[in-house]
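# Structural overview for review
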Amino acid sequence: MSRRALFVTAGLTLVVAGALAVAAQNPPQTPPPIPQPPAQQQPPVPQPPVQQQQPPVQQQQPPVQQQQPPVIQQQPPVAGQPAGQYQHGQAHRVKSVLGSRVSIQGNLNIGTVDDIIFDDNGYIDYLIVVNQGKYVTVPWEAAKFHFDQHMATVDITQQQFQQIPTYTTQWPSFYEPAYRTRVYQSYGLTPGQERRIERRAIRGGG
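Being a predicted model, the structure only gives us computed values, none of them experimental.

Rules behind the numbers
Residues numbered from 1 in each chain as written. Predicted model: local features only at pLDDT ≥ 70, side-chain atom pairs only at ≥ 80, totals over all residues. Heavy atoms only, no water. Helix = DSSP H or I, 4+ residues; strand = E, 2+ residues; numbered from the N terminus. Buried < 20%, exposed > 50% of the residue type's maximum accessible area, 1.4 Å probe, protein only. Contact = heavy atoms within 4.5 Å. pLDDT = per-residue confidence, 0-100. Phe/Tyr/Trp six-rings, centres within 6.5 Å; stacked < 30°, edge-to-face > 60°. Core = buried A, V, L, I, M, F, W, Y, C linked by side-chain atoms within 4.5 Å. Pairing = 2+ DSSP bridges.

### With respect to the overall build of the protein
Looking only at helices and strands, one finds 4 helices and 8 strands in the protein. Secondary structure elements of the protein occur, N-terminal to C-terminal, as α-β-β-β-β-β-β-α-β-α-α-β. Evaluated residue by residue, the protein yields a buried proportion of 28% over its 206 residues. Across the protein, every contact between residues at least 6 apart in sequence was considered, and the portion connecting residues at least 24 apart equals 53%.

Quick look at the structure:
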């Protein structure tokens, strides 16, 4: 290498060394941070108002109505049927009554049923009992029938029966108050509309 080239190389080396020394003494300064714009505050988001929960409305149940027992309309009693038992009783024909033997206490025969008396409403009020051509009136409810034996009994004594008026051809006025009262009292009964409504049945037996 020529001497000129050596001088050039040495000169460059010194320049580089000087630059490095200067750089070491003056380190590069960090540039200040770029200021950021202030963050814009977002407006508060409106919240929906809190609704207070209402207690559930309880539907009032309608009051339970107690069912009333059905009213059983009683049908008119069947002739020959005890009062209170006619709803399921057995029907009897008039022929099963006519000709029945009638007796009083002591099994004393006072005759047979010859006829039946009933009013304008169809309610039977009397039996007509005949014995040797003489007729006697017997209140319908005073007789207790035994249809299987074709007979009826009346709960009076012989002395009571002798006080009951008899008749032959001239029949009495069966619904005349005085006659009704006398006949009913002879059998220990009391005539009256309420009694006629309550019974309307033969005091049956068997």
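### Some points on the confidence of the model for the protein
When pLDDT is averaged across the protein, the result is 75; 53% of the residues are at 70 or more. Predicted confidence is poor over residues 69-86, with pLDDT under 50, and the contacts of this stretch with residues over four places away or in other chains come to 36 contacts. Across residues 193-203 the pLDDT falls below 50, and counting only partners more than four positions away or on other chains, this stretch makes 39 contacts in the model.

### Structural notes on the packing of aromatic side chains
Summed over the entire model, instances satisfying the criterion amount to 11 aromatic pairs. Look at Y126 and Y184: their rings are 6.2 Å apart centre to centre, the planes differ by 70°, and that puts the pair in the edge-to-face class. Of the two residues, Y126 sits in strand β3 (residues 124-131) while Y184 sits in helix α3 (residues 177-186), which places them 58 residues apart along the sequence. Like Y184, Y126 is buried. Joined through ring pairs, the aromatic side chains of Y126, Y135, Y167, W171, F174, Y175, Y179 and Y184 make up one cluster.

### Regarding the nonpolar core
If you look at the biggest cluster of nonpolar residues, it comprises 33 residues, and the most contacted ones within it are L127, V138, F145, V154 and Y187. The set of elements that each furnish at least two residues to this core consists of β1 (101-104), β2 (108-118), β3, β4 (134-139), β5 (143-146), β6 (151-154) and α3. Considering every element that reaches this core, the biggest residue donor is β3, with 6 residues. Residues in contact with Y187, not counting those within four places in the same chain, are V136, T137, V138, P139, A142, V154, I156 and I164.

### Looking at the pairing of β5
Where β5 meets β6, 4 bridges bridge the pair, whose relative direction is antiparallel. Paired with A143 across the bridge in β6 is V154. Between β5 and β6, which pair antiparallel in sequence order, lie 4 residues; one of them, H150, sits at a positive phi of approximately 55°.

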